[in-house]
Amino acid sequence: MITRVAVVPHPPLLVPALTVRADAETERLRGACLRAVSSLADSSAEWVAVGVDPSGPIRFSSTTSGTFAGYGRDVRVSLGDPSLGDAAEPGTELPLPALIAGLLREQAGARTVDVRLLAPGTPAEQCRDLGAELAGSDTALLVLAEGSNRSDERSPHRPDHRARPLDELLATALARVDAEVLMELDPALCAEVGVSREALQVLPGVVAEGTWRGELLYSGTPFGVTYDVATWTRDD
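This one's a predicted model, so the numbers in the text were calculated from it and none came from an experiment.

Cut-offs and rules
Throughout, residues of each chain are indexed from 1 in the direction in which the sequence is written. Local features are withheld for residues below a pLDDT of 70 in this predicted model, meaning they are given only at 70 or higher, and side-chain atom pairs are given and counted only at 80 or more; totals for whole chains, interfaces and linings count all residues. As a convention, hydrogens and water are excluded, and side-chain values are obtained from all of the structure's heavy atoms. By definition, any uninterrupted DSSP run of H or I lasting at least four residues is a helix, any uninterrupted run of E lasting at least two residues is a strand, and each is numbered from the N terminus. When we talk radius of gyration, it's over C-alpha atoms, and the globule rule is simply 2.2 Å times the number of residues to the 0.38. Exposed residues in this analysis have more than 50% of their type's maximum accessible area, buried residues have under 20%, and partly exposed residues fall in between, with area computed by a 1.4 Å probe over protein chains only. Contacts are residue-level and defined by heavy atoms, with any inter-residue pair within 4.5 Å sufficient. Only when DSSP finds a minimum of two bridges between them are two strands counted as paired. The axes are straight lines fitted to the C-alpha atoms, using for helices just the contacting stretch, and the angles between their N-to-C directions are given from 0 to 180°. The span expected for a helix works out to 1.5 Å for each residue beyond the first.

**Digging into the overall build of the chain**
- Counting its regular elements, the chain contains eight helices and nine strands.
- Relative to its length of 236 residues, the chain is compact, with a C-alpha radius of gyration of 16 Å against a globular reference of 18 Å.
- When the backbone C-alpha atoms are referred to their principal axes, the chain occupies close to 45 × 45 × 30 Å.
- In the chain, buried positions account for 56% of the 236 residues.
- Partitioning the intrachain contacts of the chain with sequence separation of at least 6 by distance along the chain shows that 75% fall at a separation of at least 24.

**A few points about the sheet that holds strand S9 (residues 227–234)**
- Pairing within the open sheet is mixed, and its seven strands lie in the order S3-S6-S2-S7-S1-S9-S8. Sheet topology places strand S3 (58–60) and strand S8 (212–220) at the edges, where each strand pairs with a single neighbour. Adjacent strand axes in the sheet meet at a mean angle of 15° when their direction is disregarded.
- With three bridges joining them, S3 and strand S6 (residues 112–118) adopt antiparallel strand pairing. Within the sheet, the bridge partner assigned to Ile58 lies in S6 and is Leu117.
- Each of strand S1 (4–8), S8 and S9 touches helix H4 (residues 163–176); the most contacted strand, S8, lies at about 145° to it.

**Here we look at helix H2 (residues 96–108)**
- Across its 13 residues, H2 extends 18 Å between first and last C-alpha, which sits within 8% of the 18 Å expected from 1.5 Å per residue.
- Among all positions in H2, only Leu96, Pro97, Ala98, Leu99, Ile100, Ala101, Gly102, Leu103, Leu104, Arg105 and Ala108 are buried.
- Looking one or two residues beyond H2, the residue adopting positive phi is Gly109, at roughly 80°.

**A closer look at helix H1 (residues 24–43)**
- For H1, with 20 residues, the first-to-last C-alpha span of 29 Å sits near the 28 Å given by 1.5 Å per residue.
- Where H1 is buried, its residues touch S1, strand S2 (46–52), H2, strand S7 (140–144), S8 and S9.

Take a look at the structure:
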């Protein structure tokens, strides 16, 4: 069964080769992500990753590879360890969440990551049901999700006064393993301010049984987009 979960964002700035000069906040974010996924690898070398992308619903197995060439550099990543015969040559243009899952797998030294991307607008109950389906898997879970992209003047979209309170709510829920708060997220509001609701609503299905504790490793809005990094661990 799944006993460890990591929640991380998936911006291109997590890729060192895509950043000419990382500032202190970027390094903090990258460090928190590495801590989270290293904890995940300590639990299992086999991962399942869940994210959201317009291409969804879609699944990428560990025999898939891809490149960040579309983001400026031909940095190649694999969803499986090539030295173990798990990964093939890049044959498809992977969505950003899948690329970041591959990058983090390599950084943490995990063997494989099976990526499932939900479609935007997937109902909360379906997201929770996916989590319940995955809960019994002998894997660790990587959730690729981001907070709002409308919180302040640096944001890529016009600021929305509802964004920051929602971000604060999410950070608290991740720290406290508050599945009820995640299930009650407003789909319309999340869509309007850019929150990855669908991926986050997989979590309640995973933690429906057992006693879980959370740790919030990072929460910030360095470039107008809110990023949270957290781990959830089952104690029983």
